[in-house]
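Here is what each chain is made of, one letter per residue.
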Amino acid sequence: MTIILTLLVFYSITFAIKETGLLNRPRIWIIGLHPFFYELLSCWYCTGFWAGLLTYLLFFDVFHWREFLIYGLAGAVWSLIMNSLMDKLNK
């Protein structure tokens with residue numbers, strides 16, 4: 001059950017950052033700071049990485065670098081997979 005919850009949180013955070021109007025204003029402000037931030041917040045893989053890091057921080061009280069990085073990478077891949085699946089379903 002924890003795996004399913006983790007995967008849902010990865011995608012939910014990524015979707016909230018990239019697609020919802022709720023975070024539109026802060027996203028536009030961050031993107032306007034530097035072109036580097038535009039790249040970080042414009043692709044599903046990159047945004048999923050940050051969502052994975054945030055998910056780790058939400059789930060665990062003890063910090064371990066290895067797991068932190070693993071969650072980031074897992075969030076990136078899962079967000080990219082889910083975006084591709086949603087694109088196919090919406091066509």
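Residues numbered from 1 in each chain as written. Predicted model: local features only at pLDDT ≥ 70, side-chain atom pairs only at ≥ 80, totals over all residues. Heavy atoms only, no water.

Trainee: What exactly am I supposed to notice about the packing of helix 3 (residues 35-42) against helix 4 (residues 44-59) here?
Mentor: For any two helices packed against each other, the geometry comes down to the angle between their axes and how far apart the axes lie. The N-to-C vectors of helix 3 and helix 4 enclose an angle of 85°; their axes lie 5 Å apart at closest approach. Our classification of the angle between helix 3 and helix 4 gives roughly perpendicular. The segment helix 3 lies against helix 4, with Glu39, Leu40, Leu41 and Ser42 engaging Trp44, Cys46, Thr47 and Trp50. For the contact of helix 3 with helix 4, the residue count by class is five nonpolar, two polar and one charged. (Axes fitted to C-alpha atoms, helices over the stretch in contact; angles between N-to-C directions. Helix = DSSP H or I, 4+ residues; strand = E, 2+ residues; numbered from the N terminus. Parallel < 35°, antiparallel > 145°, perpendicular 65-115°, else oblique. Contact = heavy atoms within 4.5 Å. Nonpolar A, V, L, I, M, F, W, Y, C, P; charged D, E, K, R; others polar.)

Trainee: Where do I start with the environment of Arg66 in this structure?
Mentor: By the secondary structure assignment, Arg66 is in helix 5 (residues 65-90). Remark: the alpha-carbon pair of Arg66 and Phe15, spanning 51 residues in sequence, is separated by 25 Å.

Trainee: Even after reading the chapter, I still don't get the nonpolar core, so can you show me in this structure?
Mentor: Nonpolar side chains tend to gather and get buried jointly when the protein is soluble and globular. Of all hydrophobic cores here, the largest spans seven residues; its members are Phe10, Phe49, Leu53, Tyr56, Phe68, Tyr71 and Ala76. Within the residue set of this core, elements represented by two or more residues are helix 4 and helix 5. Those residues in contact with Tyr71 that sit more than four places away from it in its chain are Thr6, Phe10, Gly52, Leu53, Thr55, Tyr56, Phe59 and Phe60. (Core = buried A, V, L, I, M, F, W, Y, C linked by side-chain atoms within 4.5 Å. Buried < 20%, exposed > 50% of the residue type's maximum accessible area, 1.4 Å probe, protein only.)

Trainee: I would appreciate a short explanation of the packing of aromatic side chains in the present structure.
Mentor: Aromatic rings in a pair are described by how distant their centres are and how their planes are angled relative to each other. Counted under the stated rule, the structure contains 14 aromatic pairs. Relative to Tyr71, the ring of Phe60 lies with its centre 5.5 Å away and its plane at 85°, an arrangement referred to as edge-to-face. In this pair, Phe60 sits in the loop between helix 4 and helix 5 while Tyr71 sits in helix 5, placing the two residues 11 residues apart along the sequence. The partly exposed category is assigned to Phe60, whose relative accessible area is 37%. An aromatic cluster is defined as three or more aromatic residues linked by ring pairs; in this entry it consists of Phe10, Tyr56, Phe60, Phe63, Trp65, Phe68 and Tyr71. (Phe/Tyr/Trp six-rings, centres within 6.5 Å; stacked < 30°, edge-to-face > 60°.)

Trainee: I'm lost on helix 1 (residues 2-19) in this one. Help?
Mentor: One turn of the α-helix equals 3.6 residues, which is why residues spaced by three or four share an orientation. The terminal C-alpha atoms of helix 1, which comprises 18 residues, lie 25 Å apart, in line with the 26 Å expected from a rise of 1.5 Å per residue. For helix 1, the complete set of buried residues consists of Thr6, Val9, Phe10, Tyr11, Ile13, Thr14 and Lys18. Buried-residue contacts for helix 1 involve helix 2 (24-33), helix 3, helix 4 and helix 5. (Expected span 1.5 Å × (residues − 1).)

Trainee: Could you clarify how one ought to interpret the side chain of Thr47 in this entry?
Mentor: For Thr47, the location among the structural elements is in helix 4. Judged by relative accessible area, Thr47 falls into the buried class, the value being 0%. A polar atom in the side chain of Thr47 sits 2.9 Å from the backbone oxygen of Cys43. (Polar contact = N/O pair within 3.5 Å; in protein donor to acceptor, adjacent residues only side chain to side chain.)

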